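# Analysis of the macromolecular model
If you want the building blocks of each chain, they are given just below.
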Amino acid sequence: MSPNKSCARRILFMIAVVAATPTGVFAQGAGIGAAGELVDPDVLRVCADPSNMPFTDQSGEGFENKLAELVAAKTQRKSVSYTWYPMATGFVRNTLRANRCDVIMGYAQGDELVQNTNAYYRSTYVMIFKKGSGLDGLESLEDPKLADKRIGIVARTPPSANLARAKLMRNAKTYPLMVDTRSTPSMAEVMLKDLEKDIIDVAVLWGPMAGYYVKEINPDLVMVPLLKEKTGRMSYRITMGVRPSDQEWKRTLNKVIRENQSEINQILMQYQVPLIDEAGNQIKG
């Protein structure tokens, strides 16, 4: 596997942060869509995790749930249905590849398990800290201000390599990559609550998760996108994932993305997702 594909897969599992035990799975029989593809022409059948806020949950409150509603409307589907399965090992095999559903709404670009649409957003890891904590102006994990700070980091995520390179892991508090969020709070939520309690001084998280939980826990926290790291890849493009055989379906989704990017961005920004353009600059709402 190439380094890029390995990194993309790692991001996929970082985003999921749930265990591999399956929950109840339901599916609607596939119809025949364009060009004989097994894509339901009447219902947008989504493969999704049942408890993975801010991305998806069974109550339909995640931003990928909202994006699914948008895609359904733009492709003239009558409704949205879900095949629920934790997004961990076996997720693609037991959902998309089993023809139980037709699209994964959020998938890191470059992983070989699916065919990627064009990216519909690009985001980055971020640092979060309290205002007035002496960290104002902090922009990079290499900043000397972090030398004696307790830094929260999710194990095996890309920023951990930068922390190790900067010799900051000795003061780091690591949080597990994979937890079952059906019974355990998200590590993003746990980390930010630790920041509030002064158990850590800085939290380092994947931006879409950070933005949502900052808003939920304390909107006054400072969130800084990691856009100035000298080494390591901190930003990633996120696509929709479809079966390799579904070429016409991919083209349909690419058209939806191309023609509705502004509306997609509005949904993402409502969830405080830090959006990065192709020049590496943050997109402001």
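Quick caveat, the model's predicted, so the values are computed rather than measured.

## Concerning the overall build of the chain
Looking only at helices and strands, the chain has eight helices and 14 strands in total. The buried share of the chain, taken over its 285 residues, is 53%. Here the chain displays about 12100 Å² of accessible surface, and carbon together with sulfur accounts for 49% of that area.

## Some words on the packing of helix α5 (residues 187-196) against helix α6 (residues 207-217)
Viewed as axis vectors pointing N to C, α5 and α6 meet at an angle of 50 degrees, and their least axial separation amounts to 10 Å. The angle between α5 and α6 falls in the class oblique. You can see that α5 and α6 cross each other, and the crossing is right-handed. Contact residues: α5 offers A188, E189, L192, K193 and E196, while α6 offers M209, A210, Y213, V214 and I217. Along the lines of polarity and charge, the residues of the contact of α5 with α6 split into seven nonpolar, no polar and three charged.

## So, the environment of T252
Tracing the chain through its elements places T252 in helix α7 (residues 247-259). A relative accessible area of 27% means that T252 is categorised as partly exposed. A sequence separation of 177 residues divides T252 from T75, and the C-alpha atoms of the two residues are 7.8 Å apart.

## Observations regarding the layout of surface pockets
Over the atoms, a rolled probe matching the size of one water molecule traces out where space is still vacant. When its volume is computed, the largest pocket comes out at roughly 290 Å³. In terms of lining, the largest pocket is formed by 16 residues, of which the most central are M223, Q272, V273, P274 and Q282. Only α6, β11 (222-225) and β14 (282-283) provide two or more residues apiece to the lining of the largest pocket. By residue number, the principal contributor to the lining of the largest pocket is α6, which donates three residues. For the lining of the largest pocket, a count of residues per class yields ten nonpolar, four polar and two charged.

## As for the environment of E37
Here E37 is to be found in the loop between α1 (3-16) and β1 (43-48). Judged by relative accessible area, which is 8%, E37 ranks as buried. Along the sequence, E37 and D246 sit 209 residues apart, while their C-alpha atoms lie 5.9 Å from each other.

## Points about unusual backbone geometry
Of note, the bond from M53 into P54 is cis; its omega dihedral lies within 30 degrees of zero at 10 degrees. Phi angles above zero are rare outside glycine, and D198 is one such case at about 65 degrees. Its place among the elements puts D198 in the loop between α5 and β10 (202-206).

Parameters at a glance
Residues numbered from 1 in each chain as written. Predicted model: local features only at pLDDT ≥ 70, side-chain atom pairs only at ≥ 80, totals over all residues. Heavy atoms only, no water. Helix = DSSP H or I, 4+ residues; strand = E, 2+ residues; numbered from the N terminus. Buried < 20%, exposed > 50% of the residue type's maximum accessible area, 1.4 Å probe, protein only. Areas by Shrake-Rupley, 256 points an atom, 1.4 Å probe, with all protein chains shown as cover. Axes fitted to C-alpha atoms, helices over the stretch in contact; angles between N-to-C directions. Parallel < 35°, antiparallel > 145°, perpendicular 65-115°, else oblique. Left-handed = near helix turned anticlockwise from the far one by under 90°. Contact = heavy atoms within 4.5 Å. Nonpolar A, V, L, I, M, F, W, Y, C, P; charged D, E, K, R; others polar. 1 Å grid on protein atoms, 1.4 Å probe; cavity = no way out; pocket = protein on both sides within 12 Å on 5 of 7 lines; lining within 4 Å. Points joined across faces, edges and corners; volume = space filled by probe spheres on them.

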